Amino acid sequence: DAGVIQSPRHEVTEMGQEVTLRCKPISGHDYLFWYRQTMMRGLELLIYFNNNVPIDDSGMPEDRFSAKMPNASFSTLKIQPSEPRDSAVYFCASSLGTTRAEQFFGPGTRLTVL
Amino acid sequence: TQLLEQSPQFLSIQEGENLTVYCNSSSVFSSLQWYRQEPGEGPVLLVTVVTGGEVKKLKRLTFQFGDARKDSSLHITAAQPGDTGLYLCAGEYRDTGRRALTFGSGTRLQVQP
């Protein structure tokens, strides 16, 4: 298996622009998670899905952030409009519901908002 | 809100030394994982512990789960430069009904040759 795939690996954009991050989970996994990692705040959960349905989005910073999972093999995290404080590494992870919440992470997208 | 504290935050040691990293919570975990993250990559699972008092070994790494399932430790024997990275503990609090993990702030380990 190829593991969790994320794109792009790096994104540099200007404040106010729309940013879309993409994730392909491991085939057969039924949970998908979006995290944000910064030096100051560590690894923070933004939102997670079960069987393509959003379960908990309490970690989404504000209305500028939205996430979708149109099918079992694809998810997006969108920031509109982006701000410099959104600069971070964004990780997608997937897991199989029958195990004890063991998660498999993608390589991350490093976002820089100028 | 559950808080998961890791200590120390930073650790720089010489090759061959032993070290222990701690993970503590005020709440009971239903399970706890340890991950290692290398620069430019996502965290990778090392081990999962479930039972209070459980001890698991992975080569030179020994993981222990506290009897009350509120704390865990990671001990590395004879550290090597390849052990360098960010070590994260992550707990699942099943009583909340959430499948999500709560991650600690991490211990950044550097092993000097």
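Placed above this text is the structure.
Here goes a summary of the coordinates provided. Note that the coordinates shown come from a computational prediction; the quantities given were computed from them, not determined experimentally.

### Re the sheet that holds strand E7 (residues 65-71) of chain A
All names here are of chain A. An order of E1-E3-E8-E7 is seen for the four strands of this open sheet, with the pairing classed as antiparallel. Unpaired on one side and paired on the other, strand E1 (5-7) and E7 mark the two borders of the sheet. Direction aside, neighbouring strands of the sheet carry axes that sit 15° apart on average. Pairing between strand E3 (residues 19-24) and strand E8 (residues 74-79): five bridges, direction antiparallel. Residue pairing across strands places valine 19 opposite isoleucine 79, the latter belonging to E8.

### Thoughts on the packing of aromatic side chains
Considering all chains together, one arrives at 12 aromatic pairs over all chains under this definition. Taking 6.3 Å as the distance between ring centres and 35° as the angle between the ring planes, the aromatic pair formed by phenylalanine 29 of chain B and phenylalanine 65 of chain B counts as tilted. Here the residue phenylalanine 29 of chain B occupies a position in the loop between strand E3 (19-25) and strand E4 (31-37), and phenylalanine 65 of chain B occupies one in strand E7 (residues 61-65), the gap between them amounting to 36 residues. Each member of the pair, phenylalanine 29 of chain B as well as phenylalanine 65 of chain B, carries the same accessibility label: buried. One aromatic cluster in this structure is built from Tyr31, Phe33, Tyr35, Tyr48, Phe91 and Phe105 of chain A together with Tyr35 and Phe103 of chain B.

### Concerning unusual backbone geometry
Across residues other than glycine, the phi torsion is negative in most instances, and most of the peptide bonds are trans. The residue after serine 7 of chain A, namely proline 8 of chain A, is reached through a cis peptide bond having omega -10°. Relative to the helices and strands, proline 8 of chain A resides in the loop between E1 and strand E2 (10-13). Cis geometry is adopted by the peptide bond preceding proline 8 of chain B, which originates at serine 7 of chain B and carries an omega value of -10°. Checked against the element boundaries, proline 8 of chain B lands in the loop between strand E1 (4-7) and strand E2 (10-14). With a phi angle near 60°, arginine 69 of chain B is a residue other than glycine that sits in the positive phi range. Take arginine 69 of chain B: it is sitting in the loop between E7 and strand E8 (71-76). You will see that alanine 78 of chain B, though not glycine, has its phi angle at about 50°, which is positive. Looking at the secondary structure, you find alanine 78 of chain B in the loop between E8 and strand E9 (85-92).

### As for the nonpolar core
Counting residues in hydrophobic clusters, the biggest one holds 22 residues, and the most contacted among them are Leu19, Leu32, Trp34, Phe63, Leu74, Ile76 and Leu109 of chain B. Those elements that place two or more of their residues in this core are E3, E4, strand E5 (44-49), E7, E8, E9 and strand E11 (107-112) of chain B. Beyond its immediate stretch of four places on either side in the chain, leucine 32 of chain B contacts Cys23, Val47, Thr48, Val49, Phe65, Ser72, Cys89, Ala90 and Gly91 of chain B. Core analysis: the second largest hydrophobic core is formed by 21 residues, Val19, Leu32, Leu46 and Cys92 of chain A among them.

Calculation notes
- Residues numbered from 1 in each chain as written.
- Chains lettered and ligands numbered in written order.
- Predicted model: local features only at pLDDT ≥ 70, side-chain atom pairs only at ≥ 80, totals over all residues.
- Heavy atoms only, no water.
- Pairing = 2+ DSSP bridges.
- Helix = DSSP H or I, 4+ residues; strand = E, 2+ residues; numbered from the N terminus.
- Axes fitted to C-alpha atoms, helices over the stretch in contact; angles between N-to-C directions.
- Phe/Tyr/Trp six-rings, centres within 6.5 Å; stacked < 30°, edge-to-face > 60°.
- Buried < 20%, exposed > 50% of the residue type's maximum accessible area, 1.4 Å probe, protein only.
- Core = buried A, V, L, I, M, F, W, Y, C linked by side-chain atoms within 4.5 Å.
- Contact = heavy atoms within 4.5 Å.

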